[in-house]
Amino acid sequence: MPGLSVLVRLVAAVGGGYAVAAGLAALAAVALPAAGLMVRSEAVVLASMLAFLVYLALLIWAFADRRLARLCLLMAAAGVASWGGAWGLLRLTVGG
């Protein structure tokens, strides 16, 4: 069923790529001010702009990768790791 494979790849590319890019943007937006490298507003803008490039790279990679199972597994793992890291760092810096 090649049609189902393309559909799963499309969902992984669009949905998974968005989740990973947004998670990395959230992590960078929390980590940069926490490390004292930038003020929060500048970190949010920088992380948001870089997230577009990350999303583009993930979209291209999703259709270039030959193995669909590896793609889905890595997208899920990167999404969980980035959102978990952002959430954990936010709890550490806010203290809640």
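Here the structure is a predicted model, which is why all the values come from computation and not from measurement.

Rules and cut-offs
Numbers given for residues are sequential positions, taken from 1 along each chain in its written order. Predicted model: local features are reported for residues with pLDDT of at least 70 only, side-chain atom pairs are reported and counted for 80 or more only, and whole-chain, interface and lining totals are derived from all residues. Excluding hydrogens and water, the side-chain figures rest on all heavy atoms present in the structure. Within 6.5 Å between ring centres, the rings of Phe, Tyr and Trp (the latter by its six-membered ring) count as paired, and their orientation is classed by plane angle as stacked under 30 degrees, edge-to-face over 60, tilted in between. Runs of E in the DSSP output that reach at least two residues are strands. Runs of H or I that reach at least four are helices, and both are numbered from the N terminus. To sort residues, take the accessible area from a 1.4 Å probe on protein chains only and compare it with the maximum for the residue type: under 20% means buried, over 50% means exposed, and anything in between is partly exposed. Charge convention: Lys and Arg are scored as positive, Asp and Glu as negative, and His as well as the terminal groups of each chain are ignored. Salt bridge, as used here, is a side-chain nitrogen of Lys or Arg placed within 4 Å of a carboxyl oxygen of Asp or Glu. Two N or O atoms form a polar contact when they lie within 3.5 Å of each other; inside protein one atom must be a possible hydrogen donor and the other a possible acceptor, and for residues adjacent in sequence the pair counts only when both atoms belong to side chains. Contacts were defined at the residue level, with two residues in contact if any of their heavy atoms lie within 4.5 Å. A fitted line through C-alpha atoms serves as each axis, taken over the contacting stretch for helices, and the angle formed by two N-to-C directions is quoted from 0 to 180°. Put simply, angles under 35 degrees are roughly parallel, angles over 145 are roughly antiparallel, angles from 65 to 115 are roughly perpendicular, and the rest are oblique. For any helix crossing, the convention is left-handed if the near helix is rotated counterclockwise from the far helix by under a right angle, and right-handed if that rotation is clockwise. Classification used: nonpolar for Ala, Val, Leu, Ile, Met, Phe, Trp, Tyr, Cys and Pro, charged for Asp, Glu, Lys and Arg, polar for all others including Gly. Buried Ala, Val, Leu, Ile, Met, Phe, Trp, Tyr and Cys residues that are joined via side-chain atoms within 4.5 Å together make up what is termed a nonpolar core. The span one expects for a helix is its residue count, reduced by one, times 1.5 Å.

Regarding the packing of aromatic side chains
For step 1, the next point in the chain: Scanning the entire structure with this criterion turns up one aromatic pair.
For step 2, the next point in the chain: Plain terms: the ring middles of Tyr18 and Tyr55 are 6.2 Å apart, the flat faces sit at 85° to each other, and that makes the pair edge-to-face. Separated by 37 residues along the polypeptide, Tyr18 in helix H1 (residues 2-34) and Tyr55 in helix H2 (residues 40-64) bring together distant segments of the chain.
For step 3, the next point in the chain: Residue Tyr18 is classed as exposed on the basis of its relative accessible area of 55%.

Remarks on the side chain of Arg9
For step 1, the next point in the chain: Position of Arg9 among the secondary structure elements: in helix H1.
For step 2, the next point in the chain: It is Asp65 that comes nearest to the buried, bridge-free Arg9 among opposite-charge side chains, at 5.8 Å.
For step 3, the next point in the chain: Polar contacts involving the side chain of Arg9 include one to the main-chain carbonyl oxygen of Ala62, which spans 2.7 Å.
For step 4, the next point in the chain: Residue contacts for Arg9: discarding those within four places in its chain leaves Ala62, Phe63, Asp65, Arg66, Arg67, Leu68 and Leu71.

Digging into the packing of H1 against H2
For step 1, the next point in the chain: At a minimum axis distance of 8 Å, the contact between H1 and H2 shows a crossing angle of 155°. As judged from the angle between their axes, H1 and H2 are roughly antiparallel. The element H1 and its partner H2 pack so that their crossing is right-handed.
For step 2, the next point in the chain: Here the residues of the contact of H1 with H2 are counted per class, giving 23 nonpolar, one polar and two charged.

Things to note about the nonpolar core
For step 1, the next point in the chain: Within the largest apolar cluster, seven residues are counted, these being Ala12, Ala13, Val20, Leu58, Ala62, Leu71 and Met75.
For step 2, the next point in the chain: Secondary-structure elements contributing two or more residues to this core are H1, H2 and helix H3 (68-94).
For step 3, the next point in the chain: In contact with Ala12, other than residues within four places in its own chain, are Gly17, Leu71, Cys72 and Met75.
For step 4, the next point in the chain: Formed by five residues, the second largest nonpolar core is a distinct cluster that contains Ala21, Ala25, Ala29 and Ala47.

Regarding the side chain of Ser82
For step 1, the next point in the chain: Looking at the element boundaries, Ser82 is found in helix H3.
For step 2, the next point in the chain: Polar contacts involving the side chain of Ser82 include one to the main-chain carbonyl oxygen of Gly79, which spans 3.1 Å.
For step 3, the next point in the chain: Setting aside anything within four residues of it in sequence, one finds Ser82 in contact with Ala19, Val20, Gly23, Leu24 and Leu27.

Regarding the pattern of salt bridges
For step 1, the next point in the chain: In total, this model carries one salt bridge according to the counting rule given.
For step 2, the next point in the chain: Here Asp65 ties to Arg70 by a salt bridge, and the two come within 2.4 Å at their closest N and O atoms.

Considerations on H3
Because each turn of an α-helix spans 3.6 residues, side chains separated by three or four positions end up pointing in the same direction.
For step 1, the next point in the chain: With 27 residues, H3 extends 39 Å between its outermost C-alpha atoms, agreeing within 8% with the 39 Å of an ideal straight helix rising 1.5 Å per residue.
For step 2, the next point in the chain: Listing the buried residues of H3 in full gives Leu71, Met75, Gly79, Ser82 and Ala86.
For step 3, the next point in the chain: Among the structural elements, H1 and H2 are those in contact with the buried residues of H3.

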